[in-house]
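Geometric and topological summary
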Amino acid sequence: MNLLLFFIVGLLVHFVFFVSIFDIYFTSPLVHGMTPQFTPLPPPAKRLVLFVADGLRADSLYELDENGTSRAPFIRNIIMHKGSWGISHTRVPTESRPGHVALIAGFYEDVSAVAKGWKENPVEFDSLFNESKYTWSWGSPDILPMFAKGASGDHVYIHCYTAEKEDFGAQDAARLDTWVFDQVKDFFQSAKSNQSLFSKLNEEKIVLFLHLLGIDTNGHAHRPSSREYKDNIRKVDDGVKEIVSLLEDFYENDGKTAFVITSDHGMTDWGSHGAGHASETLTPLVSWGAGIRYPQQVSTQLFDDEFLKEWQLENWKRQDVNQADIAPLMASLIGVPFPLNSVGILPLDYLNNSDLFKAESMLTNALQILEQFKIKMTQKKEVTLPFLFTPFKLLSDSKQLEILEKARSYLKQKKYKDVISLCKKLIHLALEGLSYYHTYNRFFLGISVVMGFIGWISFATIMIIKSHSGLTRSVVKGEKKPCHLLPCSFVVIGVLIAFFLLIQACPWTYYIYCLLPVPIWYAVLKEFQVIQDLITSLLTLSGKHSVVFSLVFSLGIEILVLSFFYRYMLTAGLIAFACWPFFTQLWIQAKMTSLCWTLFSLLLAVFPLLPVLGREPNITLVTRAGLLIFLISLSSFAYLWKRKRKNICEDLPVHLCQMVVVLISTYIVNSTHSSLLQKQGLPQINQIVSWAILASSLIVPLLGPTIVFQRLLSILLSLMSTYLLLSTGYEAFFPFVLSCLMLVWIHVEQETQQSGVSCTQKLTSIHFAYNTDITQFRQLHLDDIRRSFFFVFFIVTAFFGTGNIASINSFDPSSVYCFLTVFSPFMMGSLMMWKILIPFVLVMCAFEAIQLTTQLSSKSLFLVVLVISDIMALHFFFLVKDYGSWLDIGTSISHYVIVMCMTIFLVLLSGLAQLLTTKKIRLWGKTKPHFM
């Protein structure tokens, strides 16, 4: 099989493996076809007002300020005199869309919503707004439309400001909330003269939703400890007070309005959210009005935390809920059907109503979740052979009837507490059953994918042995008659698998997962002679040497896997790298190179130990990094001028231009940070120049010579200019240290290939050339596996050196403020992704030089890297989670996706690196090659 065909097949196979986890672990949990359930008794409220203060932390609302007074006096007065309060526990990812879906629809967001940028509905779902008679909402264009789009009929009305108003660099982000409050005031003022609107507002089962984004925006821009964030809370408190007073006047204090104020997520001290820190997952919940219990004074409360004492609320009963529980609470208050896909459990302690109402509401809640269970069970039963179907035994049909009959009997006997207890038991069993049927086919599909994985790794290994090594060359192969038994056997196996899937009416994707291993294993067993040759060759090698090499290779793979969970494992690996030369001939033949390798390995080992979350911007460090790069480029220029006085004039403009751009980038970072601190926004000239530097970063290196040292230096300077603009602290030093180590690595690999040659002289005379004579390439040696491992390790270090999955999930827009401050998740995400990719490009360009100077074929290298990454991917396939916190789930997905994409990603990066290293744009004159 030639490499192009192998790559195409490999691309398809890896795409299947990549997609498989979403069919195995992350299919949508939502089902459709349920019957709406609602409490038959009259509700306590005619209308509900929902305030969602986006990005509001629980402690920021409940705590007292330095003067011992509340920054939200109206809401604190509600807690003490009018309503109930507690903490709403959110799930990760703590982003706006998942939080609002949990609040308003009662379930935790489907994973596929990530691909939609948390904006559009990847699947249809029911919500409180859809079940209401009318809903009016005001706020952000990122949140409101998704609930109107999913609603049936024309009864959800939205009023949004423009996206341009969501500016992190604005003077006063609280104006977003002021806009909402002013719009609501104008709305009710106009209703007094609009009879149609007045009539609608006096209907039952209506919802008013106020989405308040100012706190979140100020938190991102200034941090939650800032005066801006805290003042915004005061403004929200004042606004809520005004709206409550307005509604009471409008409805003439009829006592039929219920109020709820909460938040979709919190925020870390450093102004980000998305992960699972307590400051992100603990949000406030305060409710009062019709149907809500009055404050309860208590002497003791059983909570593990110290919040009550810190907030001086230890005498007022705190009632915590899960975020999805708020949806059934609001539905119960206004008497609409519970959202059909809700998995929330009605928090009865918030209700101020009769025991009969509570028991009926809890029974409705149980029936609504049980409906989902029944639909899920029916769907699974219809597509499974009767003799293979295993029902969820804890909630059989008879068990359901028994619990429901007993609950209704207790209801007639007015044993309301027993009804509630039985309903809670039924809810927990139904939720457990939903999870059981949701994961019903997981083991079967998992085995199929694992078989494909192992087969593909085996096939890739055979390709390496057969085409790029000399292990099997000594074996004489005679002509053999073709055997039809093997292909016929695999055809029969494939037909049987397809027939089995067909009679079970399985989705078409199941055919791919289950049939893919068949041709892969056929290709493996077809090369049985190569396997025999390999075993024969291995038996002739030193047993001790083979065992030691295998143990070291396996240990290296495990360190790579562990580094995804514990960044300090990268430090351990780099320390091992630093010691490596002293156990080889390298120390004897190149002491200075060995010492440089050790020095920069130890310097790079520091970065994984530094914090990635909770860092305040430190522009001074960015400035120092910029000045250091400038000085290095200046000294490099002086060195090249001294060595190549005759030809340096041609390269002078490009080199000087890059030096100036580094200084400009350093200035822009300082200027932008200063302007934002003074609340003057992002200067337009800074924005224009920043985008110009970014756009030219991949073009300018192509203007210089293709000599290895000079081209690598040009690439570093160009990419560092962009990286400085995207830096906020110590990470600005990371690409520089990484590049120094990469340069030493090139020297090291030259020394291991041949001794007695000046590496410095070679790097200033060798040209990058993509059309290298293929006859110069050599077969793979064991040392090349070590090179491939080093390469994969440096790629992983480039990714995790200054961050981790949690830091990436915790969206902090401050990194992109030199480019834009108006909220744009895709643009900001793209810029942050490019920041992550820059160290990758530096590693890949260095490795291009290593392939060139060691006559190592990129084809053979690609296969070795493929095997290493696939072994890691198989590890992560077993570690994927769909339970626990969203942080655990998101992290496990991210690990698998990163490694699965590594091979494809490296091929694309290799193409970019070849472009950056081998191509040259001639803008003036005729360029002559630079030779010594």
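Re the overall build of the chain
Along the chain, the regular secondary structure elements total 36 helices and 8 strands. The buried share of the chain, taken over its 932 residues, is 56%. Accessible area for the chain stands at about 39,600 Å²; split by element, carbon and sulfur atoms hold 62% of it.

Quick notes on the packing of aromatic side chains
Applying the stated criterion across every chain yields a total of 55 aromatic pairs. Linked through ring pairs, Phe577, Trp580, Trp597, Trp745, Phe789, Phe790, Phe791, Phe793, Phe794 and Phe847 together constitute an aromatic cluster. In this arrangement the basic side chain of arginine 318 is found over the ring face of phenylalanine 303, its NZ or CZ atom lying 3.8 Å from the centre.

Re unusual backbone geometry
A positive phi angle is found at arginine 223, which is not glycine, with a value near 85°. Phi is positive for lysine 414, which is not a glycine, with a value near 60°. Inspection of the secondary structure assignment puts lysine 414 in the loop between α15 (397-412) and α16 (416-438). Owing to a relative accessible area of 61%, lysine 414 belongs among the exposed residues under this scheme.

A closer look at a nonpolar patch on the surface
Residues Phe387, Leu388, Phe444, Phe499, Phe500, Leu502 and Ile503 make up a contiguous nonpolar surface patch of roughly 700 Å² in combined accessible area. No other element matches the 4 residues that helix α18 (residues 485-503) contributes to the nonpolar patch. Here isoleucine 503 falls in the partly exposed class, since its relative accessible area comes to 42%.

A word on the confidence of the model for the chain
Looking at the chain, the pLDDT average stands at 83 and 86% of residues meet or exceed 70. At the level of individual helices and strands, the chain shows its lowest average pLDDT in helix α33 (residues 805-809), which scores 50, and its highest in strand β6 (residues 257-262), which scores 98. Low pLDDT (under 50) marks residues 115-123, which in the prediction has 25 contacts with non-local residues, meaning those over four places away or in another chain. This model gives residues 755-761 a pLDDT under 50, and the stretch forms 8 contacts once residues within four places in sequence are excluded.

Section: the environment of cysteine 818
Inspection of the secondary structure assignment puts cysteine 818 in the loop between α33 and α34 (825-853). You can call cysteine 818 buried: its relative accessible area is 6%. Residues cysteine 818 and proline 683, 135 residues apart in the sequence, show an inter-C-alpha distance of 8.8 Å.

Observations concerning the environment of phenylalanine 15
Position of phenylalanine 15 relative to the elements: it lies in helix α1 (residues 3-24). Taking the C-alpha atoms as reference, phenylalanine 15 lies 8.3 Å from methionine 900; in sequence the two are 885 residues apart.

Looking at the nonpolar core
In this structure, Trp597, Phe791, Phe794 and Met872 are the most contacted members of the largest nonpolar core, which totals 142 residues. Not counting chain neighbours up to four residues away, the residues in contact with methionine 872 comprise Ile557, Leu560, Val561, Phe564, Val792 and Val899. In terms of nonpolar packing, the next biggest core, distinct from the first, is built from 67 residues, Leu329, Met330, Leu346 and Ala359 among them.

Regarding the pairing of strand β5 (residues 206-212)
With 7 of 7 residues buried, β5 is to be regarded as a mostly interior element. Of the two faces of β5, the one carrying Ile206, Leu208, Leu210 and Leu212 and the one carrying Val207, Phe209 and His211 are both buried. In the sheet, strand β1 (residues 47-53) pairs with β5 via 7 bridges, with the strands oriented parallel. Note on β5: the bridge partner recorded for leucine 48 is valine 207. In this sheet, β5 lies alongside strand β3 (residues 134-139) in parallel orientation, the contact comprising 5 bridges. Residue pairing for β5: tryptophan 138 is matched across the bridge by leucine 210.

Section: the side chain of histidine 655
Along the chain, histidine 655 falls in helix α27 (residues 648-677). In this structure histidine 655 touches Ser633, Phe637, Leu713 and Leu717, once residues within four positions along its chain are discounted.

Points about α34
The terminal C-alpha atoms of α34 lie 42 Å apart, and with 29 residues this matches the ideal 42 Å at 1.5 Å per residue to within 8%. Helix geometry: α34 is bent most strongly at leucine 837, by close to 30°, with proline proline 839 lying one to four residues after it. In terms of residue burial, α34 counts as a mostly covered element, since 23 of its 29 residues are buried.

With respect to the packing of helix α4 (residues 96-105) against helix α13 (residues 326-334)
At a closest axis distance of 5 Å, the pairing of α4 and α13 adopts a crossing angle of 35°. Together, Ala102, Leu103, Ile104 and Ala105 of α4 and Ile326, Ala327 and Met330 of α13 make up the contact between the two elements.

Examining the sheet that holds strand β2 (residues 83-89)
Taken in spatial order, the 8 strands line up as β4-β3-β5-β1-β6-β7-β2-β8 in an open sheet, and their pairing is mixed. Each edge of the sheet is formed by a strand with only one pairing partner; in this case those strands are β4 (156-160) and β8 (321-322). This element, helix α3 (residues 73-81), spans β2, β6 and β7 (282-289) of the sheet and lies at about 65° to β7.

Side note on helix α28 (residues 684-696)
Spanning 13 residues, α28 covers 18 Å between terminal C-alpha atoms, matching the ideal 18 Å at 1.5 Å per step. Those residues of α28 lying buried are Asn686, Ser690, Ile693 and Leu694. Seen from one end, α28 has its buried residues packed into an arc of 100°, which puts them on one side. The exposed residues of α28 that point more than 90 degrees off its buried face are Gln684, Ile685 and Ala695.

Let's talk about the side chain of lysine 358
On the secondary structure map, lysine 358 appears in helix α14 (residues 355-382). Among residues more than four places away in sequence, those in contact with lysine 358 are Arg293, Leu348, Leu351, Asn353 and Ile420.

Examining the pattern of salt bridges
In the structure shown here, the tally under the stated rule is 14 salt bridges. The salt bridge involving arginine 786 is made with glutamate 749; its shortest N-O contact spans 2.5 Å. Here glutamate 749 lies in helix α30 (residues 734-753) and arginine 786 lies in helix α32 (residues 782-800), a separation of 37 residues in the sequence. Across the pair, exposure class does not vary: arginine 786 and glutamate 749 are buried alike. The shortest N-O distance in the salt bridge between arginine 787 and glutamate 749 comes to 2.6 Å. Residue arginine 787 is found in helix α32, and its partner glutamate 749 is found in helix α30; the two are separated by 38 residues along the sequence. Summarising the burial analysis for this pair, arginine 787 and glutamate 749 share the class buried. Here the residues in one salt-bridge network are Asp65, Arg227, Glu228, Asp231 and Arg234, joined through shared partners.

Details of the pairing of β3
The buried count for β3 comes to 6 of 6 residues, which makes it a mostly enclosed element. Burial along β3 is two-sided: the face carrying Tyr134, Trp136 and Trp138 and the face carrying Thr135, Ser137 and Gly139 are both buried. Bridge analysis of β3 against β4 gives 5 bridges, and the strand direction is parallel. When the sheet's bridge partners are listed, tryptophan 138 is paired in β4 with histidine 159.

Quick word on the packing of helix α23 (residues 568-579) against α32
Two elements in contact, α23 and α32, have axes whose closest approach is 11 Å; the angle formed by their N-to-C orientations is 140°. Viewed along their axes, α23 and α32 adopt a mutual orientation that is oblique. Classified by chirality, the crossing of α32 by α23 is left-handed. Two secondary-structure elements touch here, α23 through Leu570, Gly573, Leu574 and Phe577 and α32 through Phe789, Phe790, Phe793, Phe794, Val796, Thr797 and Phe800. For the contact of α23 with α32, a count of residues per class yields 9 nonpolar, 2 polar and no charged.

Cut-off values and rules
- Residues numbered from 1 in each chain as written.
- Predicted model: local features only at pLDDT ≥ 70, side-chain atom pairs only at ≥ 80, totals over all residues.
- Heavy atoms only, no water.
- Helix = DSSP H or I, 4+ residues; strand = E, 2+ residues; numbered from the N terminus.
- Buried < 20%, exposed > 50% of the residue type's maximum accessible area, 1.4 Å probe, protein only.
- Areas by Shrake-Rupley, 256 points an atom, 1.4 Å probe, with all protein chains shown as cover.
- Phe/Tyr/Trp six-rings, centres within 6.5 Å; stacked < 30°, edge-to-face > 60°.
- Lys NZ or Arg CZ within 6 Å of the ring centre and 35° of its normal.
- Patch = residues over 30% accessible without salt bridge, like charges linked within 9 Å, V, L, I, M, F, W, Y side chains within 5 Å.
- Salt bridge = Lys/Arg side-chain N within 4 Å of Asp/Glu carboxyl O.
- pLDDT = per-residue confidence, 0-100.
- Contact = heavy atoms within 4.5 Å.
- Core = buried A, V, L, I, M, F, W, Y, C linked by side-chain atoms within 4.5 Å.
- Pairing = 2+ DSSP bridges.
- Expected span 1.5 Å × (residues − 1).
- Bend = angle between axes of the 7 residues up to and from the residue.
- Axes fitted to C-alpha atoms, helices over the stretch in contact; angles between N-to-C directions.
- Arc of directions from axis to C-beta.
- Parallel < 35°, antiparallel > 145°, perpendicular 65-115°, else oblique.
- Left-handed = near helix turned anticlockwise from the far one by under 90°.
- Nonpolar A, V, L, I, M, F, W, Y, C, P; charged D, E, K, R; others polar.

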